[in-house]
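What follows is each chain in one-letter form.
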Amino acid sequence: MRAALLSLLPLALLATAGDASPRQSGEERLAKMLEGRTAGAPVDCVRTLPNTDMTVIDGTAIVIKRGGTIYVNRTSDPRSLDDSDYLVLRRFGDGGQLCSIDTMTAYDRGSNIYSGNVFLSEFVPYTKAK
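Here's what I pulled together on the structure shown here. Here the structure is a predicted model, which is why all the values come from computation and not from measurement.

## Description of the sheet that holds strand S8 (residues 103-108)
As summarised here, the arrangement of the three strands in space is S6-S8-S9, forming an open sheet in which the pairing is antiparallel. The sheet is open, and its two edges are formed by strand S6 (85-90) and strand S9 (114-119), each paired on a single side. Each adjacent strand pair in this sheet contributes to an overall mean axis angle of 25 degrees, direction not counted.

Encoded structure:
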C-alpha cells in the first residue's frame, strides 16, 4: 500500500495551476494552449512516465503535454475541476500511463481536505500541422 501511494506522488506534484492570467476563463486558457493545433482521434490512455507536464484548467479540463502533442481530458464533470486542488491518482492499468478507467481524488492544496473524485474520459490529442 505504501509503495502504491509513493508511486502516485510524482503525478500529484505535476498537476499545477499553470501560469495564465486569472481574468481568462478556462475555455480561453485551453484555446490559447491549443492555438495552431488540430484534434486527432480520442485515445483511452496517455503515457505519463518518465516526464509529464500536466495542468489542471479550472472548471474545464486536464491537459497533458507529451513531446509535441497536447492531450485534453474534459473528465466526466469538468466543472468540478479546481486548479487550487491537487490530484492523487488511482491507477488500474500500466503504471506508466494514465487511462480513462483511472480515477483521481482531489484535495485542497491549502487545507489538505478532500474535495471530490475526478473520473477521466477519453484523451483528445492535439498536434501541430506539419
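## Quick word on the pattern of salt bridges
Under the criterion given, the structure shown has three salt bridges. Measuring nitrogen to oxygen at the nearest pair gives 2.9 Å for the salt bridge that ties glutamate 27 to arginine 74. Here glutamate 27, found in helix H2 (residues 26-33), pairs with arginine 74, found in the loop between strand S5 (69-73) and S6; they are 47 residues apart in sequence, far enough to count as distant. Classification of arginine 74 as partly exposed rests on a relative accessible area of 36%. Where aspartate 83 meets arginine 29, a salt bridge forms, and the shortest distance between an N and an O atom there is 3.7 Å. One end of the pair, aspartate 83, is in the loop between S5 and S6; the other, arginine 29, is in helix H2, and 54 residues separate them in sequence. As far as burial versus exposure is concerned, aspartate 83 and arginine 29 are alike and both buried.

## Digging into the state of the cysteines
One pass over the full model with this rule turns up one disulfide. Between the sulfur atoms of cysteine 45 and its disulfide mate cysteine 99 the distance is 2.0 Å. Here the S-S torsion is close to 115 degrees, and the disulfide linking cysteine 45 with cysteine 99 is therefore right-handed. Taken together, the positions of cysteine 45 in strand S2 (residues 45-47) and cysteine 99 in strand S7 (residues 97-99) put the pair 54 residues apart, joining distant regions of the chain.

## Structural notes on H2
Along H2, the residues classified as buried are Gly26, Arg29 and Leu30. Angularly, the buried residues of H2 cover 95 degrees about the axis, an arc narrow enough to put them on a single face. Tucked inside the fold, the buried residues of H2 contact strand S3 (53-57), strand S4 (61-66) and S5.

## Things to note about the side chain of arginine 37
Counting through the fold element by element, arginine 37 comes out in strand S1 (residues 37-39). No salt bridge is formed by the buried arginine 37, whose closest oppositely charged neighbour, glutamate 35, lies at an N-O distance of 9.3 Å. For arginine 37, the side chain forms a polar contact with the main-chain oxygen of glycine 68, separated by 2.8 Å. In this structure arginine 37 touches Gly68, Thr69, Ile70, Tyr126, Thr127 and Lys128, once residues within four positions along its chain are discounted.

The rules behind each value
Residues numbered from 1 in each chain as written. Predicted model: local features only at pLDDT ≥ 70, side-chain atom pairs only at ≥ 80, totals over all residues. Heavy atoms only, no water. Pairing = 2+ DSSP bridges. Helix = DSSP H or I, 4+ residues; strand = E, 2+ residues; numbered from the N terminus. Axes fitted to C-alpha atoms, helices over the stretch in contact; angles between N-to-C directions. Salt bridge = Lys/Arg side-chain N within 4 Å of Asp/Glu carboxyl O. Buried < 20%, exposed > 50% of the residue type's maximum accessible area, 1.4 Å probe, protein only. Disulfide = S-S within 2.5 Å. Arc of directions from axis to C-beta. Contact = heavy atoms within 4.5 Å. Lys, Arg positive; Asp, Glu negative; His and termini not counted. Polar contact = N/O pair within 3.5 Å; in protein donor to acceptor, adjacent residues only side chain to side chain.

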